[in-house]
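# Structural characterization, general
Residue strings, one per chain:
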Amino acid sequence: MKKSILTIIAAVMCCFTVFATDSNESGKTSIYIKELIGSNVEVGRERDLFISVSAVLDHTDNIIEIELNDVGSGDVYIVDSNNGVVDSVPVISGTTDVIMPAPTVDGYYILVISCSHYYGEGVFSIR
């Protein structure tokens, strides 16, 4: 009797696990970007600029979508755990969207946004 109850509980938990992993039908994961004060940020930048940055890792298409607003010009790049730059894209002032290929090797990576009005980093992993 106890074995059958445990079997039923295990089966129900497996179903919940499958539904939990499939609940993100879009296959996308947000990358939290933390703004840091970097040496490249212009001193005395206008604080009334509406600077916003968001990034999403799309597992289905194997890309990283980055939305930028008022960050100025600079670069967006991906750094691996050995501090090697995996990929980079230049950002021209006024650019609002950047799409980069996601790394193909499993591991932890840092997405760096280094622009004249903004410097931020976000950690993500590929599995």
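Residues numbered from 1 in each chain as written. Predicted model: local features only at pLDDT ≥ 70, side-chain atom pairs only at ≥ 80, totals over all residues. Heavy atoms only, no water.

Within a sheet, each strand pairs with its neighbour through backbone hydrogen bonds, oriented either parallel or antiparallel. Strand order in the open sheet formed by four strands is S1-S3-S4-S7, with antiparallel pairing between adjacent strands. Every interior strand has two partners, whereas the edge strands, strand S1 (28-31) and strand S7 (97-101), have only one. Across the sheet, the axes of successive neighbouring strands diverge by a mean angle of 20 degrees, strand direction being ignored. Note that S1 and strand S3 (residues 52-58) share four bridges and pair antiparallel. Its bridge partner lying in S3, lysine 28 is registered against aspartate 58. (Pairing = 2+ DSSP bridges. Helix = DSSP H or I, 4+ residues; strand = E, 2+ residues; numbered from the N terminus. Axes fitted to C-alpha atoms, helices over the stretch in contact; angles between N-to-C directions.)

Pairing analysis gives six bridges linking strand S5 (residues 74-79) to strand S8 (residues 107-115), with the strands arranged antiparallel. Bridged to valine 76 within S8 is isoleucine 113. Note that S8 and strand S9 (residues 119-126) share eight bridges and pair antiparallel. Within the sheet, the bridge partner assigned to valine 112 lies in S9 and is glutamate 121.

Moving on: the packing of aromatic side chains. When we look at a pair of aromatic rings, we describe it by the centre distance and by the angle of the planes. The full count for this structure, using the stated rule, is one aromatic pair. Judged by centre distance (5.7 Å) and plane angle (25 degrees), the ring pair of tyrosine 109 and phenylalanine 124 falls under stacked. Here tyrosine 109, found in strand S8, pairs with phenylalanine 124, found in strand S9; they are 15 residues apart in sequence, far enough to count as distant. Assigned by exposure class, tyrosine 109 and phenylalanine 124 land together as buried. (Phe/Tyr/Trp six-rings, centres within 6.5 Å; stacked < 30°, edge-to-face > 60°. Buried < 20%, exposed > 50% of the residue type's maximum accessible area, 1.4 Å probe, protein only.)

A few words now on the sheet that holds S5. Pairing within the open sheet is antiparallel, and its five strands lie in the order S2-S9-S8-S5-S6. Two strands in the sheet have a free side with no partner beyond their single neighbour: strand S2 (34-35) and strand S6 (85-91). Across six bridges, the pairing between S5 and S6 is antiparallel. Within S6, the position partnered with aspartate 75 by the bridge is proline 90.

So, to be careful, I would describe these as geometric facts and stop short of saying anything about function.
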